[in-house]
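Given next are the chains, with one letter for each unit.
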Amino acid sequence: MRATRNRSIGVGAAVVVLGALVFGPGQAWGATPARSSPSASSTGSTTTTISATGAGSTTTSVAEMDRTGNHQMGAGIARHEGRSTVQTAVPGAATTDATASARAAATGGPPPGKIQGFDISAWQPNVNFRNAYNAGARFAYIKATEGVSYVSPVYKQHYETARTRNIIRGGYVYAQPSQASGAATANFFFKNGGGWSPDGKTLPPLLDIEYGSASQGTCYGKSLEGMRNWIKDFSNTVYAKTGRYPAIYTTTDWWKRCTNNSIQFSKNPLFVAIYPVHDFTSPGELGRSWSNWSFWQWASSGPLPGDQDVYRSTGDWLKKMATRRD
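Each value, and the rule that gives it
- Residues numbered from 1 in each chain as written.
- Predicted model: local features only at pLDDT ≥ 70, side-chain atom pairs only at ≥ 80, totals over all residues.
- Heavy atoms only, no water.
- Core = buried A, V, L, I, M, F, W, Y, C linked by side-chain atoms within 4.5 Å.
- Buried < 20%, exposed > 50% of the residue type's maximum accessible area, 1.4 Å probe, protein only.
- Helix = DSSP H or I, 4+ residues; strand = E, 2+ residues; numbered from the N terminus.
- Contact = heavy atoms within 4.5 Å.
- pLDDT = per-residue confidence, 0-100.
- Axes fitted to C-alpha atoms, helices over the stretch in contact; angles between N-to-C directions.
- Parallel < 35°, antiparallel > 145°, perpendicular 65-115°, else oblique.
- Left-handed = near helix turned anticlockwise from the far one by under 90°.
- Lys, Arg positive; Asp, Glu negative; His and termini not counted.
- Salt bridge = Lys/Arg side-chain N within 4 Å of Asp/Glu carboxyl O.
- Pairing = 2+ DSSP bridges.
- Phe/Tyr/Trp six-rings, centres within 6.5 Å; stacked < 30°, edge-to-face > 60°.
- Right-handed = clockwise from strand over helix to strand, strands pointing away.

J.: Explain the nonpolar core here, please?
T.: Membership of the largest hydrophobic core comes to 66 residues, with the highest contact counts inside it found for Phe 118, Ile 209, Ile 231 and Phe 295. Here the element with the most residues in this core is strand 6 (residues 137–146); it accounts for six residues. Those residues in contact with Ile 209 that lie beyond four places of it in its chain are Ala 175, Pro 177, Met 227, Trp 230, Ile 231, Ile 248, Tyr 249, Thr 250 and Trp 254. Counting residues in each nonpolar core, the second largest holds seven residues, with Val 62, Met 65, Ala 75 and Trp 123 among its members.

Structure below.
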């Protein structure tokens, strides 16, 4: 997550797959090592289906995500890098995805000794959580809302199915700071299924905050102080509701540009975004609020659904993170 490094953040378009979500009890949590496919973007009651451009992966334009008001984690970073399209591997059958597995092995990932996970949105409507668990996934972040105008039509189903498959999960919000206040954004998340409970199966809510569009501006037209206050407003609202500080997904470059590398958010777990990488021992420089990262998005595709993530510590600590109050 360094400003000097390239980030290839994967964002999915939609491919309709024949597989369905699988329900039922998961395997034992200590089991070790898969993936389903992207299909629909929804704004309100309207659903737009994006077709695949190639086998094994899909692409869609960042402009389409702008149009529908439905961005997957990393879309703003892709736009900032000058990429007009974003890509994700079709999620759902990791054990048979030889290409993705070979690619991950060739690049040296995943980071060794870490707990594997993934993040998904409505661009991956059909996710086989059983296969994902068998492929090593133990956690997932699932998009719930964006700003105060978009609700994922698959969030609640994904959220519940992940739980039944013994995958610790949390909901994430794609920030639109120019659209509404931080408090309004958090309350919209809670109104539409977001939340937290100390049940050992729920990660703290996640704020996905990244580069705005050309019309919005990199920092959504906010001053450095204004952006810090917006994030505090969101964070304090989540804390008041749940007793947990939300995690923050961002890049060090954005953090420097838009918060002046703020030191004020050390209580918020950091979700690092950086890849491609060649050093899998560390994601590199962090924003000054953090001495350590909690989650690392290290690839845009691989053997798990959506983006490929890791948790920095052990499974026991991940469970504690899903249990304790701040």
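J.: Can you walk me through the confidence of the model for the protein in this structure?
T.: A low pLDDT score tells you not to read the predicted coordinates there in detail. Looking at the protein, pLDDT values average 80 and 76% of them are 70 or higher. Considering only residues more than four positions removed or in separate chains, one finds that residues 1–56, a stretch of pLDDT under 50, has 228 contacts. Confidence drops under a pLDDT of 50 for residues 91–102, and excluding neighbours within four residues, the segment shows 30 contacts in the predicted structure.

J.: Help me understand the packing of helix 6 (residues 182–191) against helix 7 (residues 224–242) in this model?
T.: Geometrically, a packed helix pair is captured by the angle between its two axes and the distance between the axes. Two elements in contact, helix 6 and helix 7, have axes whose closest approach is 7 Å; the angle formed by their N-to-C orientations is 40°. As far as their axial angle goes, helix 7 and helix 6 are oblique. Viewed along their axes, helix 6 and helix 7 form a crossing whose handedness is right-handed. Here Gly 182, Ala 183, Thr 185, Ala 186, Asn 187 and Phe 190 of helix 6 lie close against helix 7, whose contacting residues are Trp 230, Asp 233, Phe 234, Thr 237, Val 238, Lys 241 and Thr 242.

J.: I tried to follow the side chain of Asp 208 on my own but got confused; where do I start?
T.: Mapped onto the elements, Asp 208 comes out in strand 9 (residues 206–208). With no salt bridge to any partner, buried Asp 208 finds its closest opposite charge in Lys 143, at an N-O distance of 7.2 Å.

J.: Any chance you could explain the pairing of strand 5 (residues 115–120) here in plain terms?
T.: The side chains of a regular strand alternate, first on one face of the sheet and then on the other. Of all the six residues making up strand 5, six are buried; the element is thus mostly covered by neighbouring parts of the structure. Burial of the side chains of strand 5 extends over both faces: Ile 115, Gly 117 and Asp 119 are buried on one face and Gln 116, Phe 118 and Ile 120 on the other. With five bridges connecting them, strand 5 and strand 13 (residues 307–311) associate as antiparallel partners. Residue pairing for strand 13: Asp 119 is matched across the bridge by Asp 307. Pairing between strand 5 and strand 6: five bridges, direction parallel. In the strand pairing of strand 6, Asp 119 is matched with Tyr 141.

J.: When you look at the packing of aromatic side chains in this model, what are you seeing that I'm missing?
T.: Under the counting rule described, the total for this entry stands at 16 aromatic pairs. With a centroid separation of 6.2 Å and 40° between ring planes, the pair formed by Phe 118 and Phe 129 is classed as tilted. Of this pair, Phe 118 sits in strand 5 while Phe 129 sits in helix 4 (residues 129–134), placing them 11 residues apart in sequence. Judged by its relative accessible area of 0%, Phe 118 is buried. A residue is classified by how much of its surface remains accessible, and Phe 129, at 0% relative accessible area, is buried. Ring centres 4.8 Å apart and planes at 50° place the aromatic pair Trp 255 and Trp 290 in the tilted group. A residue pair is termed long-range when its members are at least 10 positions apart, and Trp 255 in helix 8 (residues 252–259) and Trp 290 in the loop between strand 11 (270–273) and strand 12 (295–299) qualify at 35 residues. Of the two residues examined, Trp 255 and Trp 290, each falls in the buried class.

J.: Help me understand the pairing of strand 10 (residues 247–250), please; the structure alone is not making it clear to me.
T.: In strand 10, alternate side chains face the same way, and those of Ala 247 and Tyr 249 on one face and Ile 248 and Thr 250 on the other are all buried. Taken together, the three bridges between strand 9 and strand 10 define a ladder with parallel strand orientation. Residue Asp 208 lies in a different strand from strand 10, and its bridge partner there is Tyr 249. Regarding the hand of the β-α-β motif, the stretch spanning strand 9, helix 7 and strand 10 is right-handed. As defined by bridge partners, strand 10 adjoins strand 11 across three bridges and the pair is classed as parallel. Following the sheet pairing, Ile 248 is matched in strand 11 by Leu 270.

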